[in-house]
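Chain by chain, the residues run as shown.
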Amino acid sequence: MKFQSKVVIVTGAGAGIGLATALKFAESGAFVALVDTNIQNGKKALEIIERNGCEAILCVADIQDSSQVRGAIEKVIQKWGRADILVNNAGVYIQGNANETSEEAWERLLKINLTGAFLFTKYIFPAMEKQGGGVIINVASEAGLVGIKDQVAYNVSKAGVIALTKSCAVDFASYGIRVNSVCPGTTDTPLVQESINRSADPFVAKRNLESIRPLNRLGKPEEIASAILYLASDEIGYATGSIFSIDGGYTAQ
Ligand SMILES: NC(=O)c1ccc[n+]([C@@H]2O[C@H](COP(=O)([O-])OP(=O)(O)OC[C@H]3O[C@@H](n4cnc5c(N)ncnc54)[C@H](O)[C@@H]3O)[C@@H](O)[C@H]2O)c1
């Protein structure tokens, strides 16, 4: 029970990597706030955690909306009086190069993937400062480290998340707040499944995603969740500003 009674906020906890992370934290003894726009998925996640005898709350909030972010954080502080760990995980994906991407699509994606993480970081800071420390884990991507073809807005948003991580690690170190980032490679989640299903031949599309990486497979949400818990753990309390790749070797090539 490594995270016994720690208060953890996971954004995008209704599905994929966020769900796996929320479940792992709950199993490790944490109290978990599940943040998601999808009420149905959020309720399902809450039910699983409560059925396992663990404690969680659901905060229905859109991370791109400042007042909803502040509302979610207030709910957490009202419930447990503190917030030890924030996982900025919620994100969306769109395809397209700069020529194909509309201004609206660009702005929406950056607002969710980058501004959303900024807003949660900004509004969690006072609570973490008051309690003398905390940990923030930002879910970036391999796409923030290299230019993956035909997904310019997504690549830029994730490079921004990496820069946010490094900047906040430097700014908040003296407050006892560590800020680290995971960079997952393509992982088998609803986000990726939807993208595969949209292609002309989903089987070939999946094989293509697998075969471009040395480990020749997609990641599992639970593997990414384990990396997040590791970065959040006090056992590696010396780590801040770290950018941890977990991508089947893709960016090592
Ligand atoms: N799956 C991958 O291959 C992969 C690879 C690298 C990075 N990532 C990143 O990991 C994170 C999670 O991805 P996933 O694959 O689990 O996605 P997913 O689509 O399977 O799940 C994302 C969850 O976030 C929620 N969400 C979306 N927009 C939101 C918003 N504005 N406010 C609150 N909640 C919102 C969704 O409702 C959903 O429950 C994302 O930031 C994604 O960019 C994913």
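Draft legend 1. Just the site of the ligand, in detail. Taken together, 29 residues are adjacent to the ligand, and D36, N89, Y154, T187 and T189 come closest. Interatomic distance of 2.8 Å between a backbone N/O atom of I17 and an oxygen atom of the ligand. Separating an oxygen atom of the ligand from a backbone N or O atom of T187 is a distance of 2.7 Å. Alone, the ligand offers 820 Å² of accessible surface; in the complex the protein occludes 92% of this. Sorting the residues of the shell around the ligand by element identifies α1 (16-27), α5 (152-172) and α6 (190-197) as the ones contributing at least two each. Per-element accounting of the shell around the ligand gives the leading share, three residues, to α6. Of the residues contributing to the shell around the ligand, the split by class is 14 nonpolar, 12 polar and three charged.

Draft legend 2. Representation of the confidence of the model for the protein in the model. The predicted model of the protein averages 97 in pLDDT, with 100% of residues at 70 or higher. Mean pLDDT across the elements of the protein ranges from a minimum in α6, with 93, to a maximum in strand β4 (residues 85-88), with 99.

Draft legend 3. The sheet that holds strand β6 (residues 177-184), seen in detail. Overall, parallel pairing links the seven strands, which are arranged β3-β2-β1-β4-β5-β6-β7 in an open sheet. Of all the strands in the sheet, the pair left with one neighbour each is β3 (56-60) and β7 (243-246). Each strand of the sheet is rotated relative to its neighbour by a mean of 15°, with strand direction disregarded. Bridge count for strand β5 (residues 134-139) against β6 is six bridges, and the pairing is parallel. Counterpart to V139 in the pairing with β6 is V182. In the packing of helix α8 (residues 221-232) onto the sheet, contacts are made with β4, β5, β6 and β7, and the angle to β6 comes to roughly 160°.

Scoring rules and cut-offs
- Residues numbered from 1 in each chain as written.
- Predicted model: local features only at pLDDT ≥ 70, side-chain atom pairs only at ≥ 80, totals over all residues.
- Heavy atoms only, no water.
- Near = heavy atom within 4 Å.
- Polar contact = N/O pair within 3.5 Å; in protein donor to acceptor, adjacent residues only side chain to side chain.
- Areas by Shrake-Rupley, 256 points an atom, 1.4 Å probe, with all protein chains shown as cover.
- Helix = DSSP H or I, 4+ residues; strand = E, 2+ residues; numbered from the N terminus.
- Nonpolar A, V, L, I, M, F, W, Y, C, P; charged D, E, K, R; others polar.
- pLDDT = per-residue confidence, 0-100.
- Pairing = 2+ DSSP bridges.
- Axes fitted to C-alpha atoms, helices over the stretch in contact; angles between N-to-C directions.
- Contact = heavy atoms within 4.5 Å.

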